[in-house]
Amino acid sequence: MVESVSNLSRSGLRDWLLQRITAVILAAYVIFLAFYFMCHPHVEYNMWQDLFMSNSVRIFSLLALMSLMVHAWIGVWTIATDYINCTILRGLFEIIVALALIVCFIWGITILWSV
Amino acid sequence: MKPLLKVTPVPIQVTLGDLVEKKPSHSSSNIAKQGHNVNKKRPVNLDLRTIRFPLPAITSILHRISGFLLFLLIPVLLWALSASLSSADSFAALKECFSYPIAKFCVWVILSALAYHLVAGIRHLLMDCGWGESLTGGRMGAKLILIVSAILIIAVGVWLW
């Protein structure tokens, strides 16, 4: 058996499970935001800032941000292993994607922390 | 020790060949002559123009495409979040930016991809629980997610305009 070295958890089953757990968190976050916009059709800056200043929403947002990175990595990794057959190209692509996701994660934390 | 999760090992990799209906081009006598290596010499049609994609294949590839699109748009979403939260001025500027028809259309496309990915993802989770795994169930599920996501996409459009 060839072991993959670039998938997230080094185990297909654990990746599968992580993909589902993060999916549920992201779905909950999206539905939460959709409800917020439905309840507040005209969002003003102060309301919006207050929302992200509360601790529960901050934790929820960070959890969703983390889930987004994990979910995106597993998804893009799966697509890359399916369609990019040249190992060097796939490796390069995966490095670029991983770096981009880590940068986005740090950027997201600074956005949520500076509120 | 009892395992936490009981998962039947089923191959999850579905190749394009499994999803498409093949039109054999060899005559039956030709295949019979090949004897034991029939499976190896089976004609495979990978011409995208002549492949007939069943509905579940289309919904599956749309799930991938929408997911990849959302991945590409992560920086855009973070930029919008940053602009909306950094100051009252940047919030107002972002709101004004979103009032342009082209920006509204882009937001609609992003939300449409998100809505489709969400609906198809929920169906994935339901299938993991054993719902709609049969052939007819799979076809019905594919139809259902197209209908539900179409309703959501129209609703998002109505909400935006």
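Presented here is an overview of the structure given in this document.

### Some words on the overall build of chain B
Looking only at helices and strands, chain B has 8 helices and 0 strands in total. In chain B, the order of α-helices and β-strands from amino to carboxyl end is α-α-α-α-α-α-α-α. Across the 161 residues of chain B, 28% fall into the buried class. A separation of at least 24 residues holds for 70% of the contacts in chain B among residues at least 6 apart in sequence. Approximately 11400 Å² of chain B is accessible, and the part contributed by carbon and sulfur atoms is 70%.

### Structural notes on the interface of chain B and chain A
With 27 residues of chain B in contact, the opposing surface of chain A contributes 33 residues. In this assembly, chain B packs against chain A so that about 2600 Å² is buried in total across both faces, 77% of it on carbon and sulfur atoms. In this structure, the connection of chain B to chain A is made through 3 salt bridges. Along the contact surface separating chain B from chain A lie 6 residue pairs in polar contact (both at pLDDT 80 or more). Counting residues per element, the ones that place at least two in the side of chain B that touches chain A are helix 4 (55–72), helix 5 (74–86), helix 6 (88–97) and helix 7 (101–128) of chain B. Per-element tally for the side of chain B that touches chain A: the top contributor is helix 5 of chain B, with 9 residues.

### Regarding unusual backbone geometry
Excluding glycine, most residues fall at negative phi; most peptide bonds, likewise, are trans. Of note, the phi angle at A:R10 is positive, near 60 degrees, even though the residue is not glycine. With respect to the secondary-structure elements, A:R10 resides in the segment before helix 1 (12–39).

### Section: helix 7 of chain B
With 28 residues, helix 7 of chain B extends 40 Å from end C-alpha to end C-alpha; this agrees with the ideal 40 Å at 1.5 Å per step. B:G130 sits one or two positions beyond helix 7 of chain B and adopts a positive phi of about 95 degrees.

### What to know about the side chain of A:R20
Relative to the assigned elements, A:R20 resides in helix 1. Given a relative accessible area of 18%, A:R20 falls into the buried group. Each residue touching A:R20, except ones within four places of it in the same chain, is listed here: B:H124, B:L125 and B:D128.

### Brief notes about a nonpolar patch on the surface
Taken together, the side chains of A:Y83, B:L48, B:F53, B:L55, B:I58, B:I61, B:L62 and B:I65 make up a nonpolar region of the molecular surface, amounting to roughly 690 Å² of accessible area. Ranked by the residues each element gives to the nonpolar patch, the list is headed by helix 4 of chain B, at 5 residues.

### Some thoughts on the packing of helix 5 of chain B against helix 6 of chain B
When two helices pack together, their arrangement is captured by the angle between the axes and the distance separating the axes. All names here are of chain B. Relative orientation of the contacting elements helix 5 and helix 6 amounts to 130 degrees, with a least axis distance of 5 Å. One finds that helix 5 runs oblique with respect to helix 6. Residue-level contacts link W79, A80, A83, S84 and S86 of helix 5 to S90, F91 and L94 of helix 6. For the contact of helix 5 with helix 6, the class distribution of residues is 5 nonpolar, 3 polar and no charged.

### So, helix 2 (residues 45–53) of chain A
Within helix 2 of chain A the residues assigned to the buried category are A:Y45, A:W48, A:L51 and A:F52. Looking straight down helix 2 of chain A, one finds that the buried residues subtend no more than 130 degrees of arc, so they occupy a single side. Where helix 2 of chain A is buried, its residues meet helix 1, helix 3 (55–83) and helix 4 (87–113) of chain A together with helix 5 and helix 6 of chain B.

### Side note on the environment of B:I61
Turning to its location among the elements, B:I61 is positioned in helix 4. Taking the C-alpha atoms as reference, B:I61 lies 14 Å from B:G138; in sequence the two are 77 residues apart.

### A short note on the environment of B:L152
Residues and elements named next belong to chain B. Looking at the secondary structure, you find L152 in helix 8 (residues 135–160). Once the C-alpha coordinates of L152 and V107 are considered, the two residues, 45 residues apart in sequence, prove to be 14 Å apart. Contact partners of L152, with chain neighbours within four places excluded, come to A115 and V119.

### Concerning the packing of helix 1 of chain A against helix 3 of chain A
Residue and element names in this part refer to chain A. It is the contact of helix 1 with helix 3, at a shortest axis distance of 8 Å, that shows an interaxial angle of 135 degrees. Taken together, helix 1 and helix 3 sit at an angle that is classed as oblique. In this structure, helix 1 meets helix 3 at a crossing whose hand is left-handed. Facing D15, L18, Q19, T22, A23, I25, L26, A28, Y29 and F32 of helix 1, the residues of helix 3 in contact are V57, F60, S61, L63, A64, S67, L68, V70, H71, I74 and G75. Classifying every residue of the contact of helix 1 with helix 3 by side-chain character gives 14 nonpolar, 6 polar and 1 charged.

Cut-off values and rules
- Residues numbered from 1 in each chain as written.
- Chains lettered and ligands numbered in written order.
- Predicted model: local features only at pLDDT ≥ 70, side-chain atom pairs only at ≥ 80, totals over all residues.
- Heavy atoms only, no water.
- Helix = DSSP H or I, 4+ residues; strand = E, 2+ residues; numbered from the N terminus.
- Buried < 20%, exposed > 50% of the residue type's maximum accessible area, 1.4 Å probe, protein only.
- Contact = heavy atoms within 4.5 Å.
- Areas by Shrake-Rupley, 256 points an atom, 1.4 Å probe, with all protein chains shown as cover.
- Buried area = accessible area lost by both parts, 1.4 Å probe.
- Salt bridge = Lys/Arg side-chain N within 4 Å of Asp/Glu carboxyl O.
- Polar contact = N/O pair within 3.5 Å; in protein donor to acceptor, adjacent residues only side chain to side chain.
- Expected span 1.5 Å × (residues − 1).
- Patch = residues over 30% accessible without salt bridge, like charges linked within 9 Å, V, L, I, M, F, W, Y side chains within 5 Å.
- Axes fitted to C-alpha atoms, helices over the stretch in contact; angles between N-to-C directions.
- Parallel < 35°, antiparallel > 145°, perpendicular 65-115°, else oblique.
- Nonpolar A, V, L, I, M, F, W, Y, C, P; charged D, E, K, R; others polar.
- Arc of directions from axis to C-beta.
- Left-handed = near helix turned anticlockwise from the far one by under 90°.

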